[in-house]
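Read off the chains here:
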Amino acid sequence: MILNFDSREFLKGNIKPLKIGIFGSRTLKDERIKTIILEKIKELNATMIITCQEPQGVSEVAQRVCKDYGYPLQLHFLNMQYLRGAFEQRSKEIIAEADYFIILHDGESKGTANEKKLVEKSGKPFYYEIVEPTKYDRSVGFNIKDDWDFKIDENLNWDIDSNAL
């Protein structure tokens, strides 16, 4: 599966434009978030990512995904002309621009909860997931619940140097 954005096919008109807005909690910034974002943008065949510039967490991960995989990125900044309403205004601008949303929530963040309510009010489609924060910066541990199968497939030819053990 190729994850990079196919800009040549997009420019030829072979990929339908689909702008994905990404909202999420500042506490969520590890590899699990990157994996979820990559799965969704590949599944949806996204052509642009739209997110907030300032906050760490999900928005920052979304920006790195765009950089690493060549996805066009539209950033929205806080406009302090709106003072305390600057956060709400920025979210409304992203909602106006995007066709679909990925919302990754730590279950506690008020800002992300408010963004979800705004998206619901807009009537636009979205994917929402609560992801528990981790103490690790880089963790791909999707809460493994079952023990792994430790049986060795007898048909595999393992070339193990016993001296290296």
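Residues numbered from 1 in each chain as written. Predicted model: local features only at pLDDT ≥ 70, side-chain atom pairs only at ≥ 80, totals over all residues. Heavy atoms only, no water.

## Details of the packing of aromatic side chains
In step 1: Here the structure, examined in full by the defined rule, presents three aromatic pairs.
In step 2: Judged by centre distance (5.7 Å) and plane angle (55°), the ring pair of Phe-5 and Phe-10 falls under tilted.
In step 3: Owing to a relative accessible area of 12%, Phe-5 belongs among the buried residues under this scheme.
In step 4: Under the relative-accessibility criterion, Phe-10 is labelled partly exposed at 27%.
In step 5: Residues Phe-5 and Tyr-71 carry aromatic rings whose centres are separated by 5.5 Å and whose planes lie at 45° to one another, so their mutual orientation is tilted. Here the residue Phe-5 occupies a position in the segment before helix H1 (7–11), and Tyr-71 occupies one in the loop between helix H3 (58–69) and strand E3 (73–76), the gap between them amounting to 66 residues. (Phe/Tyr/Trp six-rings, centres within 6.5 Å; stacked < 30°, edge-to-face > 60°. Buried < 20%, exposed > 50% of the residue type's maximum accessible area, 1.4 Å probe, protein only. Helix = DSSP H or I, 4+ residues; strand = E, 2+ residues; numbered from the N terminus.)

## Quick look at the sheet that holds E3
In step 1: If you walk across this open sheet you meet the five strands as E3-E2-E1-E4-E5, and the pairing is parallel. Of all strands in the sheet, those with a lone pairing partner are E3 and strand E5 (126–130), marking the two edges. Mean inter-strand twist for the sheet, computed between neighbouring axes without regard to direction, equals 20°.
In step 2: Pairing of strand E2 (residues 48–52) with E3 involves four bridges; the strand directions are parallel. Bridge pairing in E3 places Ile-49 opposite Leu-73. (Pairing = 2+ DSSP bridges. Axes fitted to C-alpha atoms, helices over the stretch in contact; angles between N-to-C directions.)

## Overview of helix H2 (residues 31–44)
In step 1: The first and last C-alpha atoms of H2 sit 20 Å apart over 14 residues, in line with the 20 Å expected at 1.5 Å per residue.
In step 2: Of the residues making up H2, those classed as buried are Arg-32, Ile-33, Ile-36, Ile-37, Leu-38, Lys-40 and Ile-41.
In step 3: Close packing links the buried residues of H2 with strand E1 (19–24), E2, H3, strand E4 (100–105) and E5.
In step 4: One or two steps after H2, the chain reaches Asn-45, where phi turns positive at roughly 60°. (Expected span 1.5 Å × (residues − 1). Contact = heavy atoms within 4.5 Å.)

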